Structure formats: C-alpha cells, structure tokens
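The lines below spell out each chain.
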Amino acid sequence: MIKTDILIIGAGPTGLFTVFEAGLLKLKCHLIDALAQPGGQCSEIYPKKPIYDIPGFPEILAGDLTKNLLEQGKQFEPGFTLGERAETIEKLEDGSFIVTTNKGTKHHAPVVAIAGGLGSFEPRKPIIDNLEFYEDKGVEYMIKDPEVYRDKKVVISGGGDSALDWSIFLANIASEVTLVHRRNEFRGALDSVEKVKELKHLGKINLITPAEVTAIHGDLNVEAVTIQKDDENIRLETDHFIPLFGLSPKLGPISDWGLEIEKNAIKVDTLDYQTNIPGVFAIGDVNTYEGKLKLILCGFHEATLMCQSAYKIINPGKKYVLKYTTVSGVDGFDGTRKEAPKAVVQAID
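Residues numbered from 1 in each chain as written. Predicted model: local features only at pLDDT ≥ 70, side-chain atom pairs only at ≥ 80, totals over all residues. Heavy atoms only, no water.

**Student:** Lay out the overall build of the protein chain in plain terms, naming residues and giving numbers.
**Tutor:** For the protein chain, the helix and strand inventory stands at 7 helices and 25 strands. Across its three principal axes, the protein chain shows a C-alpha extent of roughly 80 × 65 × 40 Å. By the burial criterion, 48% of the 349 residues in the protein chain qualify as buried. Partitioning the contacts of the protein chain with sequence separation of at least 6, the portion at a separation of at least 24 is 60%. With the model as given, the accessible surface of the protein chain reaches about 18200 Å², and the carbon-plus-sulfur share is 51%. Taking the average place of the 39 positive charges on the side chains of the protein chain and the average place of its 50 negative ones, the gap between the two points comes to 3 Å. (Helix = DSSP H or I, 4+ residues; strand = E, 2+ residues; numbered from the N terminus. Buried < 20%, exposed > 50% of the residue type's maximum accessible area, 1.4 Å probe, protein only. Contact = heavy atoms within 4.5 Å. Areas by Shrake-Rupley, 256 points an atom, 1.4 Å probe, with all protein chains shown as cover. Lys, Arg positive; Asp, Glu negative; His and termini not counted. Charge placed at Lys NZ, Arg CZ, Asp CG, Glu CD.)

Laid out in structure tokens, this is it:
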C-alpha cells in the first residue's frame, strides 16, 4: 500500500506542478500515470514542439517544460507509479480513498487530484490480422525499457516525433532498426528527420518508404513482418514490431467512479475544482466548467487553488498563512533550502 497526502492521477504538466504547490504546504504527493514516463502529451507526443504561452518563457520545448517541472518538484520527493492506469476508487469510512491500478498497485490518500489531461491514453493500433495475439509477445505500443531491445531486431512504424526519436535512440542499442512509414515525408522535428537521414546513410537505420506493415508472423512470438511497398511484399525477420501512431485520449475507468461527467470531462466547482465527491478534485484539461480554457497555464492556476483546499482537508482546523516564496524561501523534503540572499546590515561611515 502506497500512502501519501495527495494522490495525483496523471503526470502531465498540471500534475507535476501540483507537486511543487503541495510541497510548499508540506504535503507529499504520489503520481499515477498510464504512460511509462512523466510529462503526458508533452513527453509522449510532441516533446520537441515549442510552446509559446507559458509565463516567463517566450518559447519552450514541451520536453524541456517537463524536465523543468520535474526539477522544480524534485525537492519535494514525489513518488511515481508509471505504466499503470488508475482503475478503481474506494472511499473509506474516514473519508480517505484507496485507488487501485490495472496491475493491482494500491494507493491510500485523504485527497485525490485527477489531473489526467484529456484522459488516459490508449495507443492507436494498425489494422493487422492477429495483432492482439502478438501484444506483449513482440508487439509494443510504447517503449518502457529500451534495454529490452538490446541486440534485437526492431521494426518501427510511424512518421511522427515518437517514431523518429525512438528510431534514433534504438539505433545504438538494437542490432537492427527498420523504420517504416506510409509516406516519404515525416511530420516531426526537422533535426530528428535530418538525424534519421544521417543514420540511414551510415547504415544504422533501414528506412522503407512509402510502405506499411501488413502482417505479422510467428508461432508464439513475433518472428517476422510483411511490409508492403508499392506492389511488392517484403518479408523481414524481426524480434519486435513497434507501431507508433500516436495515442488516443479516453477518460477510461475514471468515468465509472461516480463523478459528474459532461462531454467526456469532469464537472467541478470553480471555487477549488472539487468534484461532486468530497475530497476528489479534477484539475487541468480533464475538468470542465463555465468559461473553461484547456491551457497548461490554466491547469497551473487550478492546481494552486486545489492545494489550498487539500490542505484544509488534511489539516482540519489548522490555518495556513500564505507566504511569498521570495520572503519565506522554499524548504524541500530532502533537506534543501532555497531562499533569497539576506540583506547585509552595515553602517555607512
């Protein structure tokens, strides 16, 4: 049983910033995310895309925003349950909650903050016969541990940032990397496209375009795939087939938690973004209310107000006095302290 003060469902930007705001209130956070790494869409779908509306940053790459948020919250020592989806919630007699993931991991907290963005992400799957049979037998839709592919033959399908970036990364790990895309053009960061071209010329990536994987072969595990290019069918031996066609957001099991749902979003009170279940909040793109804007900066604002109410639930009767970090500094749970230099008291002769 993992115990924490605030259990955050979703490790995207809003969830990660909640760690910092909760930490200022001496509240500990643990995050659950179905993805294998923190950052949500920023890490998984467009890590190299620039964002222009983050306060104080005229321009910042989505992946860099994730890194900064992780660094900002690191001093408050958050816990993570990654690669698992929040499945069920149980409210106990004392008002606290137990949230269990699809893999059976249990979490206990007095406050639950749903910061799941547009919901849990389900992979977009290609239409291939017997695809489900080979799932976890050589077919993967996310790369959780690159070491799994060391000295293996890998076929990746896709034309976006994820397909390009993982092809580049695995080129130095796998024995053979083949990138298949149905078009000659790639919709990814220019530097990634250029790097794939370079690795192709060096013989480290096999590039097959325009083409698509149409069949998978193997008795128990993936042993080969068929790639259709023009009118030709190419059979290619491989240990892994990784289709990276993006992720489809779905509210998932959370929709069965008894929350008030409107158009696939969770209705909240704009006072503190609490749902119809006391102690359960929804912040960021996953919530809805009159005038709602699905922007990262709005999620940051909602997380800040939510933490104030969470503090009152966790510390009933105890008053918190808001202090500016420029005055009070920041005390991390790891023993670190950040504060502005103190003024020097010195007489002038």
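**Student:** Would you mind going over the nonpolar core in detail, with residue names and values included?
**Tutor:** Soluble globular proteins tend to pack their nonpolar side chains together in the buried interior. One finds Ile6, Ile9 and Ile114 to be the most contacted residues of the largest nonpolar core, which totals 54 residues. Elements with a minimum of two residues in this core: strand 2 (6–9), helix 1 (13–24), strand 3 (29–33), helix 3 (62–73), strand 8 (97–101), strand 10 (111–114), strand 22 (280–282) and helix 6 (296–314). The dominant element in this core, judged by the number of residues it contributes, is helix 6, at 7 residues. With residues up to four places along the chain from it excluded, the contact list for isoleucine 9 reads Ile32, Ala86, Val99, Val112, Ala113, Ile114, Ala115, Gly116 and Ile254. Of all hydrophobic cores here, the second largest spans 21 residues; its members include Ile168, Ala171, Leu199 and Ile205. (Core = buried A, V, L, I, M, F, W, Y, C linked by side-chain atoms within 4.5 Å.)

**Student:** Now, about unusual backbone geometry: what can you tell me, with residues and values included?
**Tutor:** The linkage connecting threonine 209 with the following residue, proline 210, adopts the cis geometry, with an omega of -20°. Along the chain, proline 210 falls in the loop between strand 14 (206–208) and strand 15 (211–217). Residue aspartate 151 is not a glycine yet carries a positive backbone phi of 60°. As for its placement among the helices and strands, aspartate 151 is situated in the loop between strand 11 (120–123) and strand 12 (153–157).

**Student:** Got a sec to walk through helix 1? Specific residues and values, please.
**Tutor:** Compared with an ideal rise of 1.5 Å per residue, which puts 12 residues at 16 Å, helix 1 spans 17 Å between its outermost C-alpha atoms and is within 8% of the ideal. Counting buried positions along helix 1 yields 11 of 12 residues, so the element is predominantly enclosed. Where helix 1 is concerned, the buried positions are Pro13, Thr14, Gly15, Leu16, Phe17, Thr18, Val19, Phe20, Glu21, Ala22 and Gly23. Just beyond helix 1, the residue with positive phi is lysine 26, at close to 65°. (Expected span 1.5 Å × (residues − 1).)

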